[in-house]
Amino acid sequence: MTHLPGAPAKIILFGEHAVVYGQPAIALPVSTLRATASITFDPNGDGTLRIVSDDLTAPLTIRSLADAVDDALAMAVRLAVERLGISLANATITIQSDIPVASGLGSGAAVSTAIVRAVAASAGRVLPNEITNAIVYEVERIFHGTPSGIDNTVIVYETPIYFVRNQPFELIRPREPLHFIIADSGIRASTKLAVGDVRTLLEAEPERIRPVIEAVGALVREAKDCIELGRIDRLGDLMMSNHELLQTLTVSSPELDALVAAALDGGAVGAKLSGGGRGGNMIALVTPQTRASVEAHLRLAGAARLHYTVLNPPAPSDETTSADHA
Ligand code: PMV
């Protein structure tokens, strides 16, 4: 597969939160929303490294990468530089990203991936995905708590994945094109906080919450079959069930629930929140026939922005195994 520059956004189709506890989850790259990074050198520079991004209020100036411990962007640069065994000074890294931050679309992992790839390219190198994935996971781990690793994996490999924590991922091969609308609630929410709250809930009420997490896992396993067999209506039902289980885990919100209801009113096959929840994005499974109506209903219900994406069956040349992507 030929990949575009930088790194894509992602959506979690099924299994967020439960994936932290060893259950499977399914995630898709959104290749039309991307983060890119480019590096320019100034031979007359003062030896510093600058990081410029629209998401930063001011450029970040780094005198020594060894001291860059409290910033995720700088840490991505540092880990890449160390892995490559190079130095980087008198340089400006410019980041551009279409991916909204703190909204469940993997902005952090996408920006880190773009940085690692740009640093490698500046040295005329290409790091294998396996190494890029390990670096980006490390950045996620330092700055975002106890991530399952699903975000960095789907973003680095840029392929639909069936993911179980600490196991090699499996590729998902849809039988029919799947059409999704991604709708932003406009509310920024901390995944770290939501993940922490689910852990607190599980520890407080294991008898009630453990079965909920296991039910998510069972549903994800069935969803994989539905995607691969083209059982679109059942997939929609499973999205609804997953959303209800996420409500029980307390990670939905009135705004997300309203968007899910609006998508169904508009004729969506199914809908659910996607990612950490409490805000951020939801996804609706639609058909080419219902797309316009679902979009109209989502706008009326207050969606801050919409994005349309299609998961297509693999082209014959894409028929590889996960080992081929390492
Ligand atoms: O980064 P987000 O908001 O898409 O959430 C990632 C998915 C979680 O399952 C909530 C956390 C994780 O590490 O898997």
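Presented here is an overview of the structure given in this document. (Residues numbered from 1 in each chain as written. Predicted model: local features only at pLDDT ≥ 70, side-chain atom pairs only at ≥ 80, totals over all residues. Heavy atoms only, no water.)

**Comments concerning the packing of helix α6 (residues 206-229) against helix α7 (residues 232-248)**
Put simply, the rule reads: Between N-to-C directions, angles cover 0 to 180 degrees, with each direction set by a line fitted to C-alpha atoms, over the stretch in contact for helices. A helix here means a DSSP run of H or I that spans at least four residues, while a strand means a run of E at least two residues long, and both kinds are numbered starting from the N terminus. Angles are sorted into four bins: roughly parallel if under 35 degrees, roughly antiparallel if over 145, roughly perpendicular if 65 to 115, and oblique for all others. Crossing handedness: left-handed means the near helix sits turned counterclockwise from the far one by under a right angle, and right-handed means the same turn made clockwise. Whether two residues are in contact is decided by their heavy atoms: any pair within 4.5 Å suffices. As a working rule, the residues Ala, Val, Leu, Ile, Met, Phe, Trp, Tyr, Cys and Pro are called nonpolar, Asp, Glu, Lys and Arg charged, and the rest polar, with Gly in that last group.
Axis separation between α6 and α7 bottoms out at 10 Å; the angle between their running directions is 160 degrees. If you check the angle between α6 and α7, you find them roughly antiparallel. For α6 against α7, the interelement crossing comes out left-handed. Residues R208, I209, V212, A215, V216, L219, E222, A223, C226 and I227 of α6 form the contact with α7, whose own contacting residues are R234, L235, L238, S241, N242, L245 and T248. Class assignment for the residues of the contact of α6 with α7 results in 11 nonpolar, 3 polar and 3 charged.

**Describing the pattern of salt bridges**
So the rule is basically this: Whenever a carboxyl oxygen of Asp or Glu lies within 4 Å of a side-chain nitrogen of Lys or Arg, that contact is scored as a salt bridge. Burial status follows relative accessibility: with a 1.4 Å probe on protein chains alone, a residue under 20% of its type maximum counts as buried, one over 50% as exposed, and anything between as partly exposed.
With the rule as written, the count across this model stands at 12 salt bridges. The partner of E138 in a salt bridge is R141, with the nearest N and O atoms 2.9 Å apart. With E138 and R141 both in helix α3 (residues 129-144), this residue pair falls 3 residues apart, about one helical turn. Under the relative-accessibility criterion, E138 is labelled partly exposed at 26%. The shortest N-O distance in the salt bridge between E205 and R208 comes to 2.7 Å. On the accessibility criterion, E205 (30% relative accessible area) is partly exposed.

**Observations regarding the packing of aromatic side chains**
Between two aromatic rings, the relevant description is the distance of the centres plus the angle of the planes. Counted only if it meets this: When two rings of Phe, Tyr or Trp (its six-membered ring) have centres within 6.5 Å they constitute a pair, described as stacked for plane angles under 30 degrees, edge-to-face for angles over 60, and tilted for the intermediate range. Cation placement over rings: the criterion is NZ of Lys or CZ of Arg within 6 Å of the ring centroid and within 35° of the ring normal.
For the coordinates displayed, the defined rule picks out 1 aromatic pair. Lying over the aromatic face of Y162, K224 brings its terminal NZ or CZ to 5.4 Å of the ring centre. Of note, R291 hangs over the ring of Y308, and the distance from its end group to the ring centre comes to 3.5 Å.

**Structural notes on the pairing of strand β3 (residues 49-53)**
Our working definition: DSSP calls a pair of strands paired once it identifies at least 2 bridges connecting them.
Every second residue of β3 is oriented toward a common face, the buried set being L49, I51 and S53 and the non-buried set R50 and V52. Sheet analysis places β3 next to strand β4 (residues 60-62), joined by 3 bridges and oriented antiparallel. Following the sheet pairing, L49 is matched in β4 by I62. The loop that links β3 with its antiparallel partner β4 comprises 6 residues. Pairing analysis gives 5 bridges linking β3 to strand β5 (residues 91-97), with the strands arranged parallel. Along β5, the bridge assignment pairs R50 with T92.

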